[in-house]
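Notes for the structure review
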Amino acid sequence: MAEPSRDPPSALSADFMSFSPGDTASRWLACADLQQEVYRHLAEYVPRVLCQGGGVAEQREELALQLMLLAPLEWFLLGGEPAAGLPLLRQGGGEALCGHVFKVGEPTYSCRECAADPTCVLCMQCFLASVHRHHRYRMTTSGGGGFCDCGDAEAWKTGPSCQNHTPADRNRETEEDPVSLLPPAVEERSYSIFSIILQYAVDLLTWEQEDQLPAGLEPQQRSDSYYCMLFNDEVHTYEQVIYTLQKAVSCSQKEAVSFATTVDRDGRKSVRFGDHQFCEQAKAVIVRSTSRQSKPLRVQVMHSALVAHQCFALKALSWLGQIIQYSDGLRRILCQVGLRPGPEGENSSLVDRLMLNDSKMWKGARNVYHQLLMNSLLMDRKFKKLFAIRFAKNYERLQSDFIRDDHDRQFSVTDLSVQIFTVPSLARMLMVEENLMMTIIRTFVDQLRHRDAQGRFQFDRYTAQQAFKFGRVQSLIGDLKYVLISPPPQWSQQLRTKFLDGFEAFLDLLRCMQGMDPVVRQVGQHIEMEPEWEAAFTLQMKLTHIITMMQEWCSTDEHVLIEAYKKCLSALSQCQSGLPDGEQPISLSLAGHTVDTFRYQVSQEKVSIHLPVCRLLAGLHVLLSRTEVASRLPEQLPLGDLSPHLLIELPLRCLVLCAQVHAGMWRRNGFSLINQIYYYHNVKCRVEMFDKDLAMLQVGASMMDPNHFLMIVLSRFELFHTFSATDLRRRFREANKDLAQQNTLIEEMLHLIIMVVGERYVPGVGQVEPLDEVRREILHQLCIRPMAHSELVKALPENGNKETGLERVIDSVASFRKPGVTGRGLYELRPEWSKHFDLYFHHYSRADQSKAEEAQRKLRRQNGEDTALPPPRPPPLCPPFASLVNLLQSDALLALEGAVLQWAGEPNGGGWTESMLQRVLHLVAMALLEEQQQLESSGGDEVVSFTFSSKITRPGEAPSTSGSVLALLESLQSAPHLEVHKDMITWILKMVGNIKTTRERTSGSSVSVSHGRRPEETVRDKDKAERKRKAEMARLRREKVMAQMSEMQKHFINENKELFQQSMEELEAAAEHSPPSSEPTCATQICVGPRRVGGAERHQLVTCILCQEEQEVRGHGRAMVLAAFIQRSTVLSKNRRRGILDPERLDPLFMHPDLSVGVHTASCGHIMHATCWRRYFEAVQQKEQRRQQRLRGHTSYDVENGEFLCPLCECLSNTVIPLLPHACSPDRSVEHPCLETWLKRTTQQAAALDSTHRKQSHGAAQQAEPAVPDGFGVGFVPRNPFSSGVGEMINTFSMSAYKVGLKVNPNEQDPRVPVLSWSTCAYTMQSIERLLMDEKKPLFGSLPCRQDDCLSSLTRFSSACWTAAPIRTVQNHFIRLLSVLVLVPDSQLEDAPCFLDVDMFHLLVYSVLSYSSLHSLDQSGRSSVDSAHLHLLHLVTVAHLVQVLLTSTAGEPSMDQDGEESEEERLTCQLYGRLRDHLGRCLPDVSSGWRLWRCVRAGVLPFLRTAALFFHYMNSASPPADLLGTGPGQWEALCSYLGLPSNLLLLYQNHRTLLEPLIHRWCCHPGVGQVLHGGGVLVRFPRESNRLIDLPEDYSILINQASSFTCPRSGGDKSRAPTLCLVCGCMLCSQSYCCQTEVEGDDVGACTAHTFTCGAGIGLFLRVRESQVLFVAGKTKGCFYPPPYLDDYGETDPGLKRGNPLHLCSERYQKIERLWRQHGIAEVIGHAQEANQTLVAIDWQHL
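The residue numbering used here restarts from 1 in each chain and proceeds along that chain's sequence as written. Per-residue local features are limited, in this predicted model, to residues with pLDDT of at least 70; the limit for side-chain atom pairs, both in listing and counting, is 80 or more; totals at the level of whole chains, interfaces and linings are taken over all residues. Here the side-chain values reflect all heavy atoms present in the structure, with hydrogen atoms and water set aside.

We now examine the packing of helix 21 (residues 464–484) against helix 23 (residues 534–555). Inter-axis angles, ranging from 0 to 180 degrees, are taken between N-to-C directions of lines fitted to C-alpha atoms, where helices are fitted over the stretch in contact. In this description a helix means any DSSP run of H or I spanning at least four residues, a strand means any run of E spanning at least two, and both kinds are numbered starting from the N terminus. Remark: helix 21 packs on helix 23, axes separated minimally by 10 Å, with the N-to-C direction vectors making an angle of 10°. Put simply, helix 21 runs roughly parallel to helix 23. For the pair helix 21 and helix 23, the contacting residues are Phe470, Gln474, Ile477, Leu480, Lys481, Val483 and Leu484 in the first and Ala535, Thr538, Leu539, Lys542, Leu543, His545, Ile546, Met549, Met550 and Trp553 in the second. Amino acid classes used here: Ala, Val, Leu, Ile, Met, Phe, Trp, Tyr, Cys and Pro are nonpolar; Asp, Glu, Lys and Arg are charged; the rest, including Gly, are polar. Residues belonging to the contact of helix 21 with helix 23 are distributed by class as follows: 12 nonpolar, three polar and two charged. Roughly parallel covers angles under 35 degrees, roughly antiparallel covers those over 145, roughly perpendicular covers 65 to 115, and oblique covers all other angles. Any two residues having at least one pair of non-hydrogen atoms within 4.5 Å are treated as being in contact.

Structure follows, in structure tokens:
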């Protein structure tokens, strides 16, 4: 590499020492041309200080930069020492604006009650000090770049400032120019230096040459040193860039990843440094290898001096940003300098130049200058306005640049629009002065140039590039939304004019959408290619809020509303100009009425679902009614121009299209149409689509003759001939091949009529308030089922402020039910609101409707009411819509109703359906309710024109010769095939009777209508009485039947008296004989030693889950196994840092008391034959091999590691435990030797064996052979008590424990194999004992069956696994274990560990289980294995007592006990005294025996409990009653069960002479003193249980911590996915390239790598920004789990999408903790992955 000639670092250091910034500043002050002088200084020093290609240390570079380049600027600006001058500038008083710029991921808060719009946010500090913390607020995480709006009066309705930013004096601040507060000299100098530095920075950042520098900055001698600079783009992936760099600059993968990460973060990075030719080579390779698929990566070869100056330009801009924080005056000066017009005229100010070159700059440069703009121009009220004007003038060009660019919007200057346009005063000023609204809309329309012949947008056949552009153009809609977000409180004439100009431009946009994406019904064959439909709906969704906001603006000013209405009407007229032309006019007649229309069939012609102009007009028309402009100023409205026929035409076609799609007539048009219909009704679009179409039909129907309206509807539904034929039935059968389609259309048409008349909950259509509409939506959602808050929010349309109005009404309609440990909080409908249920609610989907109907009928049955679901009482209509009710009594509708009722009389006629009849009954009921309401409101004074009740008594008109509607209903009431509708028909007939009596009463004597109760209520009372009578009769019948049965039973017993007598006697006799043998008393219940009570006679019968055969568990029988899962664990670890470093050389025989890594076994408890399991597992393996050839994904289990799912419960397993028979009863014939005798004999046996083994190994003759005790056969080979099948399974489990525990390959010859089997037994016992202790459960009887079976099988397996290993290996282990406790004579075991470094429970288990190998050689028949177990327990217990005393903290002061010293305390003091004698000064002096005994008792208890569990399962000894509960007397019961004295110190006291030398030997081990002096890991007893870390109650505290967490690898960069380890509290940078490491040959992310050091492969993490708990097991398995943080509605918020404040739910966190402590994480992951296959596809190792 050609290293350029440049100053050696030593030369720079010499400069550094001699440089004086003060002198430089003085020189500048004295010179004539300041710019020239500063430029000369920069030209000399910048290339020397920055970008020294050799890789100068960053710290040195920073120091030199500060001293040589920035310090002179500060000295010059302040005219003296900066440290003294800067604080003086600060004295101007507190800031009125906060202006804190948000970092990525920082929490932001928006008050839902006081914010002017959702973009108004506070930082955490301001929020906590503001009034809004007690309001309803929304919490989100910032994407970075915005700033805190605290102090901005326009952003908040109340409480604009927090306590920290309350302005001192508002008047003074507005009037006074902050520059005048600066000293005049500082003011003058800051003008000049700011001008020079800003000019310098702008010149360099907008500089386009690669080899030259701006005038005045050329270095004196040019070196041939260049950088090959790689720039970021959003086209190429990380992988492509990494691969290309490895090839181009031959760097390692790690370096390439680092380059790629920096390029992505900063926007550019130099990848090579050297002479020009050297850099050009790299550039050529990069360009060549990335230009194949797409445009190549941008690479430039730049002179090193230019790069250095560009770097300094950014540093200088950051410095300016910091300096102006000191004083508002300096900020104002910088603003003036930035916006001062340059010599070139228009757009020549420095800020303009920066903005207009924005898309040419790299990401890092953009970020720095945007930050400066925010700190300066946007923080100064006066200049914010001037900047806004510049921004608006350049708006079109900036947007065009952004759309051509490929960087995200957050890196574009256009993103600043949110800071400007959301200020209402600025937005309106720009609308008036710069015609902003028109500019935005025109820019938007200009960018979408793809049109069809009629000028409509055309999105099909969009190229990828056009689709990308369309995505970027949508940001313009966001800007328009910001401008319109708050309607003006008062209008000026100019604002009216400009708004209406903008409105006209908006209508042009809507005209381009009117009728886009038309569809034609496919007949014959299916559509070949699905047409593009998403773009049009995306546009519609984006514009939904804009359209609503436009209407809101119009509603605030009558003049604007009228003008907008006129413009919209003329736009619609232009769109519809060609509608009736060319169509064939026809005349329709029905029920004596005739209407002229034209022939049009939706099923044959083009039809479009997009009709925004039409829908906007409907919205404005409803507003005219709502604001009463229509009734007050009718002369100003062009109502005469309205042709109702044309108004309803397009919406009606759209609704008919939906009906035909439901009827299955458009199946061949594919999914695109189904999706369009779905979104048309969907909550995101329906407000400005379906709802407005319905409103337009209501507008048309209210202006037309109701019969004409219905005839046109029938015609468009293509049903006219069905109802107008002379003989309905015959015509009906002949005309239509497909009856089902026809019936569905009739149902849909009737439903439409119900909606047109019944939907009145829109302010302006019905006399209701906006909240009534929301209340009705909620009510109907809750009629389906109880719902969570989030479900309700999703079901309600949001307004532009992301509000639904839910919270204001929910409590009046529903009651809240809090969640449990799982699930969510639910809202349930209050019972009094169910009477408002409307079965034909217009926003129900078909599925919702049937669910709601079912739920409501069920509810009514439960309440003992009839199952009729009549319509609720509707609110009155507004005057312009009042004529809608006449639809209900129109002749045409009566003819329709009569026809359907007549068809319904035929039980098996296929021409009608249940729901058709149901809809007709609903319409009749609506009409009756309407009539009743009019009668009530008229009070008998006026004549009620609504006479439906009399019309239904008239017989049918000419074509249908049926009887009247009423007569038909009466005939249907008793029809057996209409049982379902009987209640409804009864309700209608009663209603008719009530109305009749009311009319008679009012016409006769004009009495008041009701006697305090409504007619329906009296009807209901009668029904209730009838039901009560029926229920009483049913009860009497039941009682009678029960009495009969009882009588028969007695009769049977009397007849068979002898039989009953005999069986009773047998039972009594059995009871008398049983007690002594079955239940031994507490005193005799012992689980270890010769006096133990064992269960030899217990035969265990089990059933195989695979073949269902029963089998007895026997040592020589067929092998039975239990599915199990073994895993490494650190749940009990007191030292996570000490993992298994070298598994090949590790000796696991002595477990350290810190339990750093253990092996845990769990089981689901399901049993199989070993042969059945083998077959099953082989089948799983074969299936997996076949599957892998097809697709190479992971499954929820890894067959290569021996994993499988339990065949019954699908629980993750990776081995099987063999089932072995229970232990034999103790041999009572053998005498029980005392401890001393046994110890002597055992040490002799051990010594003899040790000597024999050494002889066999080395062949060397010993000096003196140790004496062999009688009957001890050193060479004897014991018989294996198990069949080969059982032996094979013992081997299988041993190998699994070995393989998982040490993470090594299987090796049956390894002497460590049996140790790992014992280890998993001991560790599993310990972890279960801890769980029981912490959950305060009894030691026995509280474990679930699966854990009980697992421990039982595991312990019996462990006691037998020595038979599968070479006996000599096991004997060696026993000798080594024994040597920890006693001295084995002549043995050469010098490596016995310090007894403080041995976990005594593991020692007990290992020595008890390995003793059998020694005992099996003793053929004297004089010794019992049970005696040995008891003596080993005694020995280990004493050792543990000493261990507890040595590590106790009894020396710490605490309360003392008064009174007599007990024996326990005396003996404890005595033993402690002996230990102090042995150890000298290591132990503190403790005088209180009470305190010592308390420490000992607490410390030994866990050991005794686990020992009791161990011997209980090993010897199958039933536990005493005291240990089945948690009452008093636990200690005594435990000691007695273990055959120990309750005063444990007696163990030492009674064998003092024997134990004293042993204790002396233990204490004299060099390791003991070392540990006690702090040399090793000192573990105190009892060991505290591990818990997950404490989490803060408020989630935003966590978000705040995470936002300040920087990635540890990429130099202070904010982590994108900060993730918290719940086990140790470590924060990690997850899911990013920068923090990937290599584990066992694979690249893994930070979380996966952390699990191997912290959790032995199991990890629990909280992804802070996503509010998601992540479980990880190994490299390939993981799942997401509900987080423990809930909002006030009892719901989690993954991804923080809803933004409700979250608080810690301790029960849920405890549940996660319990899962972890039960070792259930792997099982949860397995079940989750099995249930959800998408989880399997995630690359968990990269998280």
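Next, the rest of the story.
As a further point, take the confidence of the model for the chain. The predictor reports its confidence for every residue as pLDDT, a score running from 0 up to 100. The predicted model of the chain has a mean per-residue pLDDT of 82, with 87% of residues at 70 or higher. Note that residues 1005–1017 has pLDDT below 50 and, in this model, 22 contacts with residues that lie over four places away or in other chains.

For patches, a residue must show more than 30% relative accessible area and have no salt bridge; joins then use 9 Å for like charges and 5 Å for nonpolar side chains, namely Val, Leu, Ile, Met, Phe, Trp and Tyr. Residue burial considers only the protein chains on display, and all accessible areas are found by Shrake-Rupley using a 1.4 Å probe. The rule for a salt bridge is simple: a side-chain nitrogen of Lys or Arg has to be within 4 Å of a carboxyl oxygen of Asp or Glu. Nonpolar side chains collect at one region of the surface, where Val1041, Met1042 and Met1045 lie side by side and expose about 300 Å² of accessible area between them. On the secondary structure map, Val1041 appears in helix 43 (residues 1015–1055). Exposure is judged per residue with a 1.4 Å probe applied to protein chains only, and the accessible area is read against the type maximum: over 50% gives exposed, under 20% gives buried, and values in between give partly exposed. The class for Val1041 is partly exposed, based on a relative accessible area of 41%.

This paragraph deals with helix 60 (residues 1595–1603). The complete set of buried residues in helix 60 reads Tyr1595, Ser1596, Leu1598, Ile1599, Ala1602 and Ser1603. Burial along helix 60 is one-sided: seen end-on, the buried residues are contained in an arc of 155°. This arc corresponds to the set of directions leading from the helix axis out to the C-beta atoms.

The sheet built from three strands is open, its strands ordered 4-3-5 with antiparallel pairing. Edge positions in the open sheet fall to strand 4 (268–274) and strand 5 (299–303), since each of these has one partner strand only. Strand-to-strand twist of the sheet, defined as the mean angle between neighbouring strand axes without regard to direction, takes the value 30°. Sheet topology places strand 3 (residues 226–231) next to strand 5; five bridges connect them, and they run antiparallel. When the bridges of strand 5 are listed, Cys228 appears paired with Val301. The strands touched by helix 10 (residues 253–266) within the sheet are strand 3 and strand 4, with strand 4 carrying the most contacts at an inclination of about 130°. Pairing between strands is defined by DSSP: at least two bridges between them are needed.

So, on to the sheet that holds strand 22 (residues 1668–1673). Read across the sheet, five strands follow the order 18-17-21-22-23 without closing on themselves; strand pairing throughout is antiparallel. The open sheet is flanked by strand 18 (1627–1629) and strand 23 (1677–1681), the only strands paired with a single partner. Strand-to-strand twist across the sheet, computed as the mean angle between neighbouring axes with direction ignored, equals 30°. Each of strand 17 (1618–1621), strand 18 and strand 21 (1658–1663) touches helix 60; the most contacted strand, strand 21, lies at about 100° to it.

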